Amino acid sequence: MPKKARSPIRMALYLFRTALPSALCFIFFMIAVSCSGYQKASNMTHDFVEKDNDRTVDIRSGDTVRITLPENASTGYRWAVDRSDEEVMTMLSSDAHYTAKAVGAGGEVVFIFEAKKNGAGEVVLKNWRSWEGDSSVTDRFRIRVNVLP
């Protein structure tokens, strides 16, 4: 015996009851995914140079701090991390750039740190000859950070 055909209204109500919850779940999922992606994209990079020594700055968790300082490695003096509050800030990288072709020409070094936890901390860099120890320190660079949620 053939099945009884459903009326168009009953079919519409059936689809509405079964498809709507799935569609709403999918929409909410897509909104959540796009919002979380937006939050990651909003992280900022804060740039600091020699004149910013001893500054205090407010940044957000996940932001990066890029410190660029002049350096001439041919003299033996190099910038290095003296200390940093690793619970608050973690160093991602350091990279020296010497673009001049002349022997003994200087360049710059770039340190990149990431704010990983709310709180207050500081990054201190020193310009020194590592084989001579702390008595060779000629300069220090300090930045204090308040990492906000």
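Here, the structure is the one placed above.
Residues numbered from 1 in each chain as written. Predicted model: local features only at pLDDT ≥ 70, side-chain atom pairs only at ≥ 80, totals over all residues. Heavy atoms only, no water.

## Things to note about the overall build of the protein chain
Counting its regular elements, the protein chain contains 1 helix and 8 strands. Counting from the amino terminus, the protein chain carries its helices and strands in the arrangement α-β-β-β-β-β-β-β-β. Burial status across the protein chain gives 24% buried among its 149 residues. Within the protein chain, contacts between residues separated by at least 24 positions form 65% of all contacts whose residues are at least 6 apart in sequence. (Helix = DSSP H or I, 4+ residues; strand = E, 2+ residues; numbered from the N terminus. Buried < 20%, exposed > 50% of the residue type's maximum accessible area, 1.4 Å probe, protein only. Contact = heavy atoms within 4.5 Å.)

## Comments concerning the sheet that holds strand β5 (residues 89–97)
Taken together, 4 strands build an open sheet; the order of strands is β1-β3-β6-β5 and the sheet is mixed. Here the strands that pair on one side only, and so sit at the sheet edges, are β1 (45–48) and β5. When strand polarity is set aside, the average angle formed by the axes of neighbouring strands in this sheet is 20°. With 4 bridges joining them, β1 and strand β3 (residues 64–71) adopt parallel strand pairing. Its bridge partner lying in β3, F48 is registered against I67. (Pairing = 2+ DSSP bridges. Axes fitted to C-alpha atoms, helices over the stretch in contact; angles between N-to-C directions.)

## Some remarks on the sheet that holds strand β8 (residues 139–148)
The pairing of strands in a sheet happens through backbone hydrogen bonds and is either parallel or antiparallel. Taking strand neighbours across the sheet as the criterion, the 4 strands line up as β2-β8-β7-β4 in an open arrangement whose pairing is mixed. Two strands in the sheet have a free side with no partner beyond their single neighbour: β2 (55–60) and β4 (78–84). Taken over all neighbouring pairs, the strand axes of this sheet differ in orientation by 25° on average, direction set aside. As paired strands, β2 and β8 are joined by 6 bridges and run parallel to one another. Note on β8: the bridge partner recorded for I59 is V147.

## So, the packing of aromatic side chains
Throughout the structure, instances matching the rule amount to 0 aromatic pairs. Positioned above the aromatic ring of W128 is the side chain of K126, whose terminal nitrogen or guanidinium carbon lies 3.7 Å from the ring centre. (Phe/Tyr/Trp six-rings, centres within 6.5 Å; stacked < 30°, edge-to-face > 60°. Lys NZ or Arg CZ within 6 Å of the ring centre and 35° of its normal.)

## Comments concerning the nonpolar core
Formed by 19 residues in total, the largest nonpolar core has its most connected members in I59, I67, M89, F113, L125 and F141. Taken together, the elements giving at least two residues each to this core come down to β2, β3, β6 (107–115), β7 (119–128) and β8. Each residue touching I67, except ones within four places of it in the same chain, is listed here: F48, V109, V110, F111, F113, V123, L125, F141 and I143. (Core = buried A, V, L, I, M, F, W, Y, C linked by side-chain atoms within 4.5 Å.)

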